[in-house]
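Descriptive structure summary
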Amino acid sequence: MTISLRYAARSDIGLVRQSNQDSAYAGPHLCVLCDGMGGPAGGDIASAVAIEHLAPLDADSHQAGELLSLLRSAVQDAHAELIERSASDPELAGLGTTCVGLMRSGNKLAMVHVGDSRAYLLRDGEFTQVTTDHTFVEYLVESGRLTREQARRHPQRSVLLRVLGDAEGDVQLDESIREAVPGDRWLLCSDGLCGPVTAETIGEVLTSIPEPEMAADQLIDLALRAGGPDNVSVVIVDIVDNDESPQSDTQVVGSAANRRALAAAARAKSVVEHAGPAIESARANLVEDYLPRASRAVNQAGSALSAPGPLSERARRAKEVSTVALTTPTTKVRKRRFLRAVGLVALAATAAGVGYVLWKRSQPIEDPWAEEYWADLETDAFVPDSEAEQASLKSGE
């Protein structure tokens, strides 16, 4: 039995927030969801940084026994970067993110969790919440001071007790190893879904819609219909066995996707900026060196074609002198730069008329007389058919 994953990741800004501070990643061996916090800029940076550190773990080279240590190390690296960013930029002080992730090796799943983003499991028709929220309200529920229904509407329900952020000290993760059971369906979600949409409704969607993509889209839609008060993100993961075409793409959504797009745009801009001087240098070389060569080639080829002698010899000589003129630099330029532009030089020279006779010779010949004419030129045995042609040839010589 070969275990693989079928998955879909979706994220939406919601109907109230000005930016999407959620980030999610889904791939063949790793699925992660993060919900950022910390002001207009901090939250989207925090969630994206966490994804950037965890995403490289999506590979099939890891053993089951090392999954948790790999996840733990990546989270701590993200934590260290957030501390560094916060220290260097006062506006980012207090940034942080939740994190819930699943990583697979063979038939084993490793899970890490911090914050109030959740993992749910649908198995054999039973839908259960696997993670425990690290919130003040959850503490009140577990201590018997609030009911579950009261907690859903409590004004402090988003106050986190544990988070991946800029606080000193190691991140306190909930960690576990589980069986990857074929037929199981996992849901990772931010509180933008499980806040406005009840667990019963979420379970009904996951039970009734078999395709991960369609189920994820439906859950996002339900959160928006419920008012969309927060960013909403979901990752749906199906455990399948003996899949003939296992899914292998990677999906990045939310703030992490936006940062990737911005990074790609920055790289493209850098390429353009660095290409500018090179283009200007090539233009200068063309003007100062290669165009004079083309002009010299045209002049020398023209002189060779108008010189006395048989036409075939003049054509051969024109080809020879134009080639020499084109390949002899008029200034001291590096060979690499010359070779890069020699194609452009040859094109300019040809356009100027160098080697017209040679070009004519290379064209498809449809006129039998013309074919005989050029064949005679090759052997220098051309004999005019009329006295007028003889006179014309003598005057040309």
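This text follows the structure it describes.
Residues numbered from 1 in each chain as written. Predicted model: local features only at pLDDT ≥ 70, side-chain atom pairs only at ≥ 80, totals over all residues. Heavy atoms only, no water.

1. Describing the packing of aromatic side chains
Rules: Classification of ring pairs uses Phe, Tyr and Trp, with its six-membered ring standing for Trp, and accepts pairs whose centres are within 6.5 Å; under 30 degrees between planes counts as stacked, over 60 as edge-to-face, and the remaining range as tilted.
Tallied over the full model, the rule gives 1 aromatic pair. Where Y120 meets F127, the ring centres are 4.9 Å apart and the plane angle is 10°; that geometry is what we call stacked.

2. Re the environment of D191
Selection rule: Helix and strand assignments come from DSSP, with helices taken as H or I runs of at least 4 residues and strands as E runs of at least 2, each series counted from the N terminus. Two residues form a contact once any of their heavy atoms are found within 4.5 Å.
Structurally, D191 can be placed in helix α5 (residues 191-194). Through-space distance from the C-alpha of D191 to that of V234 is 9.8 Å; in sequence the pair is 43 residues apart. With residues near it in sequence (within four places) discarded, D191 still touches D35, D116, S158, P196 and D230.

3. A closer look at the sheet that holds strand β11 (residues 185-189)
This is how it is decided: At least two bridges found by DSSP between two strands is the condition for calling them paired. Between the N-to-C directions of two axes lies an angle of 0 to 180 degrees, each axis being a line fitted to C-alpha atoms and, for a helix, fitted only over the stretch in contact.
Pairing in this open sheet of 5 strands is antiparallel, and the strands run β1-β12-β11-β7-β8 from one edge to the other. Looking at strand neighbours, the two that pair on one side only are β1 (3-12) and β8 (126-129), the edges of this open sheet. Each adjacent strand pair in this sheet contributes to an overall mean axis angle of 15°, direction not counted. Examined bridge by bridge, strand β7 (residues 118-123) and β11 share 5 bridges and lie antiparallel to one another. Looking at β11, one finds that A119 is bridged to L188. Across the sheet, helix α6 (residues 199-208) lies against β7, β8, β11 and β12 (232-241), angled at about 130° from β8, the strand it touches most. The strands touched by helix α7 (residues 212-225) are β1, β11 and β12; relative to β1, the strand with the most contacts, the crossing angle is about 30°.

4. Here's the deal with the nonpolar core
What counts, and what does not: Throughout, nonpolar core names a set of buried Ala, Val, Leu, Ile, Met, Phe, Trp, Tyr and Cys residues whose side chains join them through atoms within 4.5 Å. Each residue is assigned to one of three classes by its accessible area relative to the maximum for its type, calculated with a 1.4 Å probe on protein chains only: buried under 20%, partly exposed between the two thresholds, exposed over 50%.
Core analysis: the biggest nonpolar cluster contains 32 residues, and L30, V32, L54, L57, L71 and L164 have the highest contact counts within it. For this core, the secondary structure elements donating two or more residues are β3 (30-37), α1 (39-54), α2 (67-88), β5 (99-105) and β6 (108-114). The residues contacting L71, other than those within four sequence positions of it, are L30, L54, L57, M103, A110 and V112.

5. Topic: the pairing of strand β2 (residues 22-26)
For β2, the buried fraction is high: 5 of the 5 residues fall into the buried class. In this structure, β2 lies alongside β3, joined through 5 bridges in antiparallel fashion. Residue pairing across strands places S23 opposite C34, the latter belonging to β3. Linking β2 back to β3 in an antiparallel pair, the connection comprises 3 residues. Here 4 bridges tie β2 to strand β13 (residues 251-254), and the two strands are oriented antiparallel to one another. Considered in β13, the bridge of A24 is made with V253.

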